[in-house]
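Next come the chains, spelled out residue by residue.
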Amino acid sequence: AQSVTQLGSHVSVSEGALVLLRCNYSSSVPPYLFWYVQYPNQGLQLLLKYTSAATLVKGINGFEAEFKKSETSFHLTKPSAHMSDAAEYFCAVSNTGGFKTIFGAGTRLFVKA
Amino acid sequence: EAQVTQNPRYLITVTGKKLTVTCSQNMNHEYMSWYRQDPGLGLRQIYYSMNVEVTDKGDVPEGYKVSRKEKRNFPLILESPSPNQTSLYFCASIVSISGLLTDTQYFGPGTRLTVL
């Protein structure tokens, strides 16, 4: 069975600081991995996805994530936080050939001025 | 413009009163899915559909029904809503090729349901 664990339900950073949101997954098959962002009162928007190509994936808004199979991790980073990055972030996993997507519980990012 | 639409966006109802939340997509996607979002639990899949007349249960299907009579529509039906179904609901669609999930899920704006 697949599962996703996001470490930290809340993360607070200062504007301009590094953003690191952690995601660990379990999957019996090579997974598809995703990061989504949800702004208040909106639906989810895809930030980036890993689908067995390059292990370092670049997404929108300056975010990137690295797939580390040995650590079963897919952490999301951004070198310099901006106030507009304040949102909730979800990591998700889906197995190839399947149609079920498992989401993590989410991490809310706060950015301090 | 490619989009997934949901109606209504907000709904307050009472226990036991049947309701339907509609979902429609204009991208000709085969795959559609319903999720509920609850604080601290993330999104949990309720039902999904691989194509017209093909549906399957997700992780939390109890108390819900779906139908897929047309490719573009995937309504979520609560025959007898209960307070524990108070939640934020999202519909999503995605194109599948040869049975493989190969692309991004497009999410609707959400429906906030309150069952009193």
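What you are looking at is a predicted structure, and each value in this text was computed from that prediction instead of being measured.

As for the pairing of strand β9 (residues 87–95) of chain A
Residues and elements named next belong to chain A.
- Within β9, 8 of the 9 residues are buried, which leaves it mostly tucked inside the rest of the structure.
- In terms of strand pairing, β9 meets strand β11 (residues 107–112) through 3 bridges, oriented antiparallel. Paired with Ala87 across the bridge in β11 is Leu109.

Focus on the interface of chain A and chain B
- Counting residues at the interface gives 23 residues for chain A, matched by 27 residues for chain B.
- Taken together, the two surfaces of chain A and chain B that pack against each other cover about 1,900 Å², and 55% of this comes from carbon and sulfur.
- Across the chain A-chain B interface, the total number found is 0 salt bridges.
- Put simply, chain A and chain B have 3 residue pairs in polar contact (both at pLDDT 80 or more) between them.
- Within the residue set of the side of chain A that touches chain B, elements represented by two or more residues are β4 (31–38), β5 (44–50), β9 and β10 (101–103) of chain A.
- Counting residues per element, the side of chain A that touches chain B draws most heavily on β4 of chain A, which supplies 4 residues.
- When the residues that make up the side of chain A that touches chain B are grouped by side-chain class, the tally is 10 nonpolar, 10 polar and 3 charged.

Quick look at the state of the cysteines
- One pass over the full model with this rule turns up 2 disulfides over all chains.
- At a sulfur-sulfur separation of 2.0 Å, the disulfide partner of Cys23 of chain A is Cys91 of chain A. When the S-S torsion is -65°, as for the bridge of Cys23 of chain A with Cys91 of chain A, the disulfide is left-handed. Of this pair, Cys23 of chain A sits in strand β3 (residues 19–26) while Cys91 of chain A sits in strand β9, placing them 68 residues apart in sequence.
- Each sulfur in the disulfide pair Cys23 of chain B and Cys91 of chain B lies 1.8 Å from the other.

Comments concerning the layout of surface pockets
- In this structure, the largest pocket encloses a volume near 500 Å³.
- Taken together, 27 residues make up the lining of the largest pocket; nearest its centre are Gln38, Glu88 and Arg108 of chain A together with Gln37 and Leu88 of chain B.
- Among the elements of the structure, β9 of chain A together with β4 (31–38), β9 (87–94) and β13 (111–115) of chain B are those that each provide at least two residues to the lining of the largest pocket.
- Top element by residues in the lining of the largest pocket is β9 of chain B. It accounts for 3 residues.
- Lining the second largest pocket are Leu44, Gln45 and Leu46 of chain A together with Glu1, Ala2, Gln3, Val4, Thr104, Gln105, Tyr106, Phe107 and Pro109 of chain B.

Some words on the side chain of Gln25 of chain B
All names here are of chain B.
- Structurally, the position occupied by Gln25 is in strand β3 (residues 19–25).
- Reaching out from Gln25, the side chain makes a polar contact with the backbone nitrogen of Asn28 at a distance of 3.1 Å.
- Here His29 takes part through its backbone oxygen, which lies 2.9 Å from a polar atom of the side chain of Gln25.
- Those residues in contact with Gln25 that sit more than four places away from it in its chain are Gln3, Val4, Met32, Arg68, Lys71, Arg72 and Ser93.

Some words on the sheet that holds strand β6 (residues 56–58) of chain A
Residue and element names in this part refer to chain A.
- Taking strand neighbours across the sheet as the criterion, the 5 strands line up as β1-β3-β8-β7-β6 in an open arrangement whose pairing is antiparallel. Sheet topology places β1 (3–7) and β6 at the edges, where each strand pairs with a single neighbour. Taken over all neighbouring pairs, the strand axes of this sheet differ in orientation by 20° on average, direction set aside.
- Note that β1 and β3 share 5 bridges and pair antiparallel. Bridge pairing in β3 links Thr5 to Asn24.

Cut-offs applied
- Residues numbered from 1 in each chain as written.
- Chains lettered and ligands numbered in written order.
- Predicted model: local features only at pLDDT ≥ 70, side-chain atom pairs only at ≥ 80, totals over all residues.
- Heavy atoms only, no water.
- Buried < 20%, exposed > 50% of the residue type's maximum accessible area, 1.4 Å probe, protein only.
- Helix = DSSP H or I, 4+ residues; strand = E, 2+ residues; numbered from the N terminus.
- Pairing = 2+ DSSP bridges.
- Contact = heavy atoms within 4.5 Å.
- Buried area = accessible area lost by both parts, 1.4 Å probe.
- Salt bridge = Lys/Arg side-chain N within 4 Å of Asp/Glu carboxyl O.
- Polar contact = N/O pair within 3.5 Å; in protein donor to acceptor, adjacent residues only side chain to side chain.
- Nonpolar A, V, L, I, M, F, W, Y, C, P; charged D, E, K, R; others polar.
- Disulfide = S-S within 2.5 Å.
- 1 Å grid on protein atoms, 1.4 Å probe; cavity = no way out; pocket = protein on both sides within 12 Å on 5 of 7 lines; lining within 4 Å.
- Points joined across faces, edges and corners; volume = space filled by probe spheres on them.
- Axes fitted to C-alpha atoms, helices over the stretch in contact; angles between N-to-C directions.

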